[in-house]
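# Survey of secondary and tertiary structure
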Amino acid sequence: MPELVHLPANTTAELVVEVLQRDGGVIVDNILSAQQLDTLKAEIMPYVDLCQDGKSDFSGKQTRRVGALMARSPMCGEMALHPLINSACGQYLAPFCDGYQLHFSQVVSIGEGEGRQQLHKDRSVWGGYVPAKIETQFSTIWAVTDFTEENGATQVVPGSHLWDKERLPKPEEITCAAMSAGSVFIYSGSTIHGGGANSTQQNRIGALLHYTLNWLRQEENQYLSCPPASAQKLSEELRDLVGYSRGGPVLGFFTQPVGPGEGLELASPKRMFDV
Ligand SMILES: O=C(O)CCC(=O)C(=O)O
Ligand SMILES: [Fe+2]
């Protein structure tokens, strides 16, 4: 079985990118402190506890999914802005864009008895229209609990980000992102992966924060999951990441829907928060 490379928390973004480009996935161990992990759990678990299980095989019928993490959890905001992650993300996606944005935020709690999720590439959300030579995503899964093969650690096919579209993995080409709570698995939008099966009695909980090119549509509609009243409370840096900023010179401009001669025309979303 192929293995994923584990790097220490004091690694460099350059090394993260080097391994990611080669293997399509890499783990950074113990990137969160015990205190940060406690804060994260305190912020997200009330939502997980009261959330319903998924309704489809792909979502997982013993799996709970909670989104809108930028509006709901300051710790998730801190994780989304983590300097190592952002430096690596910026370098990884730089050949394809002049900026990146948050694409998806979701806690995934895989419960007892859940089966393996169908293997997939996350870039399929754009329906296969983005040419393979364009890398669409830099994705992270933060381990809130330990991730083990038994409790549903993400299944991963190292190297599959470089495969032809048609190639399917053989069982011996699939490994899993086993890691301790507080570690993060980083992977590409082109890497074949999927949630694992949970044969234990404990939930496997991960926080998924994905980033995409600033010119592609975000999977989670950030302007609805984190509307202006919520974004107002975030730092300017986090608001920019969520999408309240221009992508290049024009993408994402807005006009205030007010009377003739009133309000802003062709404004950067940053202007929303000027007053
Ligand atoms: O939770 C996981 O381990 C991965 C889930 C996943 O890949 C997905 O839902 O797209
Ligand atoms: Fe996925």
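Heads up: the structure comes first, above all this text.
Heads up: these notes are all about the structure in this document. (Residues numbered from 1 in each chain as written. Chains lettered and ligands numbered in written order. Predicted model: local features only at pLDDT ≥ 70, side-chain atom pairs only at ≥ 80, totals over all residues. Heavy atoms only, no water.)

From N to C terminus, the chain includes 8 helices and 10 strands. Over its C-alpha atoms the chain spans a radius of gyration of 19 Å, differing by no more than 12% from the 19 Å that the globule rule assigns to 275 residues. Projected onto its principal axes, the C-alpha coordinates of the chain cover approximately 65 × 40 × 40 Å. Counting the 275 residues in the chain, one finds 52% classified as buried. Taking as baseline every contact in the chain between residues at least 6 positions apart, the subset at least 24 positions apart corresponds to 76%. (Helix = DSSP H or I, 4+ residues; strand = E, 2+ residues; numbered from the N terminus. Rg over C-alpha atoms; globule rule 2.2 N^0.38 Å. Buried < 20%, exposed > 50% of the residue type's maximum accessible area, 1.4 Å probe, protein only. Contact = heavy atoms within 4.5 Å.)

So, about the packing of aromatic side chains. Scanning the entire structure with this criterion turns up 6 aromatic pairs. Geometrically, the ring pair formed by Tyr223 and Tyr244 is edge-to-face, given 5.4 Å between the ring centres and 80 degrees between the ring planes. Here Tyr244 lies in the segment after α8 (236-242) and Tyr223 lies in helix α6 (residues 222-225), a separation of 21 residues in the sequence. The exposure class assigned to Tyr244 is buried, which follows from its relative accessible area of 4%. Joined through ring pairs, the aromatic side chains of Tyr92, Tyr100, Phe138 and Tyr211 make up one cluster. The aromatic ring of Trp163 is capped on one face by Arg167, whose charged end is 3.6 Å from the ring centroid. (Phe/Tyr/Trp six-rings, centres within 6.5 Å; stacked < 30°, edge-to-face > 60°. Lys NZ or Arg CZ within 6 Å of the ring centre and 35° of its normal.)

What follows deals with the coordination of the iron ion (ligand 2). Octahedral metals with six donors have ideal donor angles of 90 or 180 degrees. Tetrahedral metals with four donors have an ideal donor angle of 109.5 degrees. With distances of 2.1 to 2.2 Å, the protein atoms coordinating the iron ion (ligand 2) are His120 (NE2), Asp122 (OD) and His193 (NE2). Read N to C, the donor residues that coordinate the iron ion (ligand 2) are spaced as H-x1-D-x70-H. Highlighted residues: His120 in the loop between β4 (100-110) and β5 (137-143) and His193 in strand β9 (residues 193-194), separated in sequence by 73 residues. Among the residues examined, His193 registers a relative accessible area of 3% and is labelled buried. (Donors = N, O, S within 2.8 Å, 3.2 Å for Na, K, Ca; no water.)

Once that is clear, we can look at the sheet that holds strand β8 (residues 184-188). Ordered by their spatial adjacency, 7 strands build an open sheet running β1-β2-β8-β5-β10-β4-β3, and the pairing between neighbours is mixed. Strands with a single pairing partner mark the edges of an open sheet, and in this sheet they are β1 (6-7) and β3 (63-66). In the packing of helix α1 (residues 13-23) onto the sheet, contacts are made with β1, β2 (25-28), β5 and β8, and the angle to β2 comes to roughly 145 degrees. Contacting β2, β4, β5, β8 and β10 (204-213), helix α5 (residues 83-93) runs over the sheet at an angle of about 155 degrees to β5. (Pairing = 2+ DSSP bridges. Axes fitted to C-alpha atoms, helices over the stretch in contact; angles between N-to-C directions.)

Our next topic: the nonpolar core. Leu40, Met70, Met79, Phe138, Trp142 and Ile186 are the most contacted members of the largest nonpolar core, which totals 54 residues. Not counting residues up to four positions away in its chain, the partners in contact with Met79 are Leu32, Leu40, Trp142, Ala207, Leu209 and Tyr211. (Core = buried A, V, L, I, M, F, W, Y, C linked by side-chain atoms within 4.5 Å.)

As a further point, take the pattern of salt bridges. Summed over all chains, the structure comprises 7 salt bridges. A salt bridge links Asp53 to Arg64; the nearest nitrogen and oxygen atoms lie 3.4 Å apart. Here Asp53 is found in the loop between α2 (34-49) and β3, whereas its partner Arg64 is found in strand β3, with 11 residues between them in sequence. A residue is classified by how much of its surface remains accessible, and Asp53, at 31% relative accessible area, is partly exposed. A relative accessible area of 26% places Arg64 in the partly exposed class. A salt bridge links Lys270 to Glu236; the nearest nitrogen and oxygen atoms lie 3.1 Å apart. One end of the pair, Lys270, is in the segment after α8; the other, Glu236, is in helix α8, with 34 residues separating them in the sequence. Overall, Lys270 belongs to the partly exposed group, its relative accessible area being 32%. Residues joined in a network through salt bridges with shared partners are Glu236, Asp240 and Lys270. (Salt bridge = Lys/Arg side-chain N within 4 Å of Asp/Glu carboxyl O.)

Let us look at the pairing of β5. Most of β5 is tucked away: 7 of the 7 residues are buried. Across the two faces of β5 the burial is the same, with Gln137, Ser139, Ile141 and Ala143 and Phe138, Thr140 and Trp142 all buried. Here β5 runs beside β10; their pairing, made up of 7 bridges, is antiparallel. Following the sheet pairing, Thr140 is matched in β10 by Leu209.

The next thing to look at is the site of ligand 1. In the region of ligand 1, the neighbouring residues are Arg65, Val108, Gln117, His120, Asp122, Thr154, His193, Gly195 and Arg204. Within the contact set of ligand 1, an oxygen atom lies 3.0 Å away from a side-chain nitrogen or oxygen of His120. One nitrogen or oxygen atom from the side chain of Arg204 is found 2.6 Å from an oxygen atom belonging to ligand 1. Out of a free accessible area of 300 Å², ligand 1 has 95% covered by protein chains. More than half of the atoms of ligand 1 fall within 2 Å of the grid points belonging to the second largest pocket. (Near = heavy atom within 4 Å. Polar contact = N/O pair within 3.5 Å; in protein donor to acceptor, adjacent residues only side chain to side chain. Areas by Shrake-Rupley, 256 points an atom, 1.4 Å probe, with all protein chains shown as cover. 1 Å grid on protein atoms, 1.4 Å probe; cavity = no way out; pocket = protein on both sides within 12 Å on 5 of 7 lines; lining within 4 Å. Sits in = over half its atoms within 2 Å of the grid points.)

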